[in-house]
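# Residue-level structural notes
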Amino acid sequence: MSDPVSALNGAAFSGIATVEEAGLAGMITLRGDLGSKGLGAAVKAATGVDIPTANKVALSDEGGAAWMSPDELLLMVPYTEVEGKLAALTEALAGEHALAVNVSDARAVFRLSGDGARETLAKVCPVDLSAEAFVAGQFRRTRMAQVAAAFWLDEGGVFTIVCFRSVADYVFNLLSNAAHPHSKVGVY
Amino acid sequence: MLILECPYCGVKAEESELHAGGEAHLKRFGPGSSDAEFHDYLFMRKNPRGVHFERWRHINGCGKWFHAARCTTTLEVFGTYSAQTLEPPQAIRDAVSAKRPGWSWRDLK
Amino acid sequence: MSTRLAKQGRLIDRSQPIEFTFNGARMSGYEGDTLASALLANDQMMMGRSFKYHRPRGVVASGAEEPNALVGLGNGDRFEPNQRATTTELFGGLSAQSQNHWPSLDFDVGAINAKLSRFLPAGFYYKMFMYPRSFWKHVYEPIIRKSAGLGKAPDKDLIDADHYEHFYFFADVLVVGGGIAGLQAAKAAALSGAKVLLIEQTANWGGRAPVDGGTIDGTDPEAWIEQTLAELAAMDNVTLRNRCMGAGVYDHGYALGYERLSDHTPGEPGPRHRLWRIRASQIVTATGAIERPLSFAGNDVPGVMLAGAMRDYVVNWGVTPGQRVVVVTNNDDAYRTAITLHKAGVEVVRILDARPAGGGALMEEARQLGIRVEPGRAIAKVTGGKRVTKVAICAQDGEGGAQEDIAADAVAMSGGWSPVVHLWSHCGGKLIWDDAQAHFRPDATRPPLGDNGAGFVIAAGSANGAMDLSGVLADATAAGSAAAVAAGFAAKDATAPVTSENEEAPMLPVWLMPAKADIKLRMKTWLDYQNDVKVSDVQLAAREGYESVEHTKRYTTLGMATDQGKLSNINGLAVLADTLGAKIPQVGTTTFRPPYTPISMGAIGGEARGEIFQPIRKTPMHDWHQANGADWEPVGQWRRAYAFVGSNETVEQAVAREVINTRENLGLLDASTLGKLIVKGADAGRFMDMMYTNMMSNLKIGKCRYGLMCSENGFLIDDGVVARIDEDTWLCHTTTGGAERIHGHMEEWLQTEWWDWNVYVANITEQLAQVAVVGPNARKVLEKLGGMDVSKEALPFMEWRDGQIGGFDCRAYRISFSGELSYEIAVPASQGQAFWTALMEAGKEFGVMPYGTECLHILRAEKGFIMIGDESDGTVIPQDLGLSWAISKKKDDFLGKRAQLRSHMADPDRWQLVGLETVDGSVLPDGAYATGNGVNANGQRNVIGRVTSTYHSPTMNKGIAMGLVHNGRKRMDEVIEFPGTDGTIYKAKIVDQVFYDKEGEKQNV
């Protein structure tokens, strides 16, 4: 194998917020019965976290899990460990109706940080990004201008944004444009 | 621009996050059905003034299809509910009755 | 003349002079001026010419309602036409040009139209220019286009230099309008704890109150405004935005705010306009009221202005529009203008009050100042060309026999005030007619309804018909509190401030001045200044049978200009009602549509321009393609290489080279865009059998099968190769454009019909980079890279294997869309470029070349393979394409099965896919229709088929095509005709659609 390459090779932009491509992240789409004990245990084993409730993300040092829909999670694990974790998950879930697939390379991941991060995101997503409405641990799938995207906010005030790899360029340019250094709205 | 609450994830989504899917609670007619049944299933749709039951998908969101009970003239939303049902649940029908006494839709009242 | 006064001008800073130009002439104003006030200060009363008659026109209003003073602003890539001088803040270096005149504002050839006005009555387009027909294109249209119209469009080759953006914002209460009503409503709402957004269209807070006088809480309005603003600014739950207009109110509490950030500081870095996309639980419209003109002859002569506007110019900007002013009114408010002018040292030569008994306390005050007031009197006619020179006065209750001429250079008129009900009405709020005030105001019992069925808009202050200071503030307090309660907050007792002001006598509706004005006067009495619609036009329309106000509007163009009739609508309605003998509320209003005033295209587009105009999807090898001559083709949002063009060849030559090389040596295609869907579960086989027309449940693990998908109504929607991965898992390839669509299609059936089936679907399209390795040397290059056994025995045609090639983890499919020996190799997307590079390196000795989508198309067409979107168009069933072999006869059901049994679908007498070969080897035009005998009901020749794919085949060096032809399969060797759009008749023979390697030997090695 050759060294894996992320969509934008770590591109970055700084304006009212800082936009950085976060590089490759290990990601597994897991579909199944989120109420099942076996699935809960398998997720915990893979990511170190319990299954998050609706519209939440659960994060640990080595990974995490985001609630995608009533029967879908996005599991986050170290990139190099995806195949191993996937195999373990598949084995653990052999007895139940579930689907786990590697989607690490299908995604691009961005970090959005700085004072203007909320405003930057609010220029492209139809979501209430005020501090009262969008709190750490919250996870949202929505529309980012003309493409689908998902994001969460961590305790450090950093948004992590996930989109499809093919539109990484579009999303990076979109966020950089929204973070124009002279475009502070001044409400968040 | 409408807002509908997705019953699966609870997000109050705006129209640009949703995809409209037409009339709800159609019964599928496949092989073995009569020409008339199949024709009606494929082509005949209600387009009422007032109470209507529709399918929507939270496409830029959790991806789930759901149902909405809505007034097509005032755009009032009586409620949203699961796609995995053959007819509106009683709670939704009660909500419609409370706002539009005497409503009817297909053979529902 | 109009001049700057020595005193007054609360909004200007006389220590900050500003230079600007108007039609190239250098002028000066002050910081805080609008372009209109600065032009007046420079005695530039005439600011443009009218749309139809090219009449000289001056400024009439002082705000957003201005119909006349439209200018072209800026230069080059910052030029913008039709900008209102009244809402343009002055800045250093501003350059404005007046519009709709040639060669100059002062001397305009088009003014001849005014002399021809009797030939240009209401509906003249429909009457005058009907016949002869040929005249329309060559005579009428060019003349009308040249002589009518407003500003010039910007140069089409220039790109707007500015930056625009959207901003999504959520509030409990949105208050539109930052006058005293808006401020008070915002305060009342915010006290409850609700999150409040208050927006004001101008740069200044407080609205008209500082100009109109009175006291609030014992102080002058200006002090109260400052105090209230400070209180609001100190509240965490309040957001204040000036220069932000409430542009529109839409369903379920959605509203647009149009923020103009740098129109007054052009070129400043950052966005010029920001479009606020607001979602609010409740919206308070505190949008004020607009004064109505009076309808008298010559009411469009420059120097005739709204009385309130004239007062604004004096008080706000220290400018007087004239030196000898006649005030004409039907209400008390205009007396404030007379008093203001008088106190500013301007001579008010007469106040003509149409009311027989005149006004109240304000009239007394004016009289005490020595101003001559004449009740029951009216203007018969204003005379003047580019400026008012003379006012003929008469009795209001007469026909206009003038009794006295007064020399004057300006007229201040007031026909009463109309609430700005636009935002209330945008989303369905209803109006009621207020007889006493002679205006429409919001009917609070019929507001726009939100998603919960309750009203979500509350009008406040003068926008709600409250016209006096105490009424405005009491109404606004109630509105703000009510909005907070409706948004779910507990009411806090907000109290309305105590006010004092002069009491006003009742106004008297005056729709025509004088009341019985004769036709000569009515033909000079303007209703709609911007579109040049006169009282006589509306009366003519009514006489011609136009009764509906919506029809009259379109026939006369009343209210259809860029100002959307802000000044003219009520006056026009009244004239129509009067002529029809109906009451105004019976005639009703036209529809109020957003935006309130025109907003920039840039703001609407927001960020979507330049490289982010739309998403462009890129494969992992995109950059390599770009660097290696890719001529791009959009396929959905993907960009795919159409061909890789070398420096010494044309695109066509490149395509031909790619085809020959792939057939003879080795070609590589980036196939990453093909959709890849995983279908897994205990019921997956059953589900696959429903999705595909073929049987998929019996596909053996390790094998591939070409499959077709139909919609429930039987039509072909997608195709692709399906691979069985394990006992309960299938991988479905879709077309490039089909991945999301087919994924959605599968989810829809699983979620809404077969929700009890145990099946999960995942879209892994972008997880993988996929390369088609095609040509006689395909196996050699893979063997050279080493790893997996790709021999005929180990990896037979239509099978797949997991393994490694050249050290890359991969899945290899032995499938072919070209007729050649072919593999499609999928690797993780993050390895895609490295794998492609490895293939290019290893392939050198085998003559490797990348190829693009056009080569792909030709290769498949030579083999007679169909392409979704070429051979299918949403009306084609697989049977039409000779694909019956891919339709299972064994299955009880699949999507499309029942539909394909319908009589028309099962009819053998359909258009069928065949090959087409021109008799002379030329290439058939794409999409051409074949004509048959006879004509259809419209007298057009019957068509018997059409071309679906057509190419020059480099392999066979001739044109090849496929097409759907009526009963085509029974018509082999028949020659049919395809008329081209250039008049050429192309003759083509119907042949078998497989042109190359009919036995399929090349792929099977």
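Going by the structure above, here's the rest.
Conventions adopted
- Residues numbered from 1 in each chain as written.
- Chains lettered and ligands numbered in written order.
- Predicted model: local features only at pLDDT ≥ 70, side-chain atom pairs only at ≥ 80, totals over all residues.
- Helix = DSSP H or I, 4+ residues; strand = E, 2+ residues; numbered from the N terminus.
- Rg over C-alpha atoms; globule rule 2.2 N^0.38 Å.
- Buried ≥ 20, exposed ≤ 12 C-beta atoms within 10 Å, placed from the backbone.
- Contact = placed C-beta atoms within 7 Å.
- Pairing = 2+ DSSP bridges.
- Axes fitted to C-alpha atoms, helices over the stretch in contact; angles between N-to-C directions.
- Nonpolar A, V, L, I, M, F, W, Y, C, P; charged D, E, K, R; others polar.

### Looking at the overall build of chain B
For chain B, the helix and strand inventory stands at two helices and six strands. The secondary structure elements of chain B, listed N-terminal to C-terminal, are β-β-β-α-β-β-β-α. Taking 109 residues into account, the globule formula puts the C-alpha radius of gyration at 13 Å, and chain B, at 14 Å, falls close to it. The C-alpha extent of chain B, read off along each of the three principal axes, is 40 × 35 × 25 Å. For chain B, with 109 residues in total, the buried portion stands at 36%. Relative to all contacts within chain B whose residues are 6 or more apart in sequence, the contacts with residues 24 or more apart total 49%.

### Some points on the sheet that holds strand 45 (residues 848-850) of chain C
In sheet architecture, strand pairing relies on hydrogen bonds along the backbone and comes in two forms, parallel and antiparallel. Residue and element names in this part refer to chain C. Read across the open sheet, the six strands follow the order 42-43-44-41-35-45; overall the sheet is mixed. A single partner strand is all that each edge strand has here, and the edge strands are strand 42 (800-805) and strand 45. Going across the sheet, the axis of each strand differs from the next one's by a mean of 25°, ignoring polarity. Bridge count for strand 35 (residues 666-670) against strand 45 is three bridges, and the pairing is parallel.

### Here we look at the interface of chain C and chain A
Contact with chain C, which involves 39 residues of that partner, is made by 42 residues of chain A. Looking at the side of chain C that touches chain A, the elements that each hand over two or more residues are strand 9 (163-176), strand 36 (675-680), strand 40 (760-763), strand 43 (808-813) and helix 24 (832-843) of chain C. If you tally residues by element for the side of chain C that touches chain A, the top one is strand 9 of chain C, at six residues. Of the residues contributing to the side of chain C that touches chain A, the split by class is 18 nonpolar, 13 polar and eight charged.

### Points about the interface of chain A and chain B
Counting from both sides, the interface comprises 10 residues of chain A and, opposite them, 12 residues of chain B. Looking at the side of chain A that touches chain B, the elements that each hand over two or more residues are strand 5 (64-69) and strand 9 (139-144) of chain A. When its residues are assigned to classes, the side of chain A that touches chain B shows five nonpolar, three polar and two charged.

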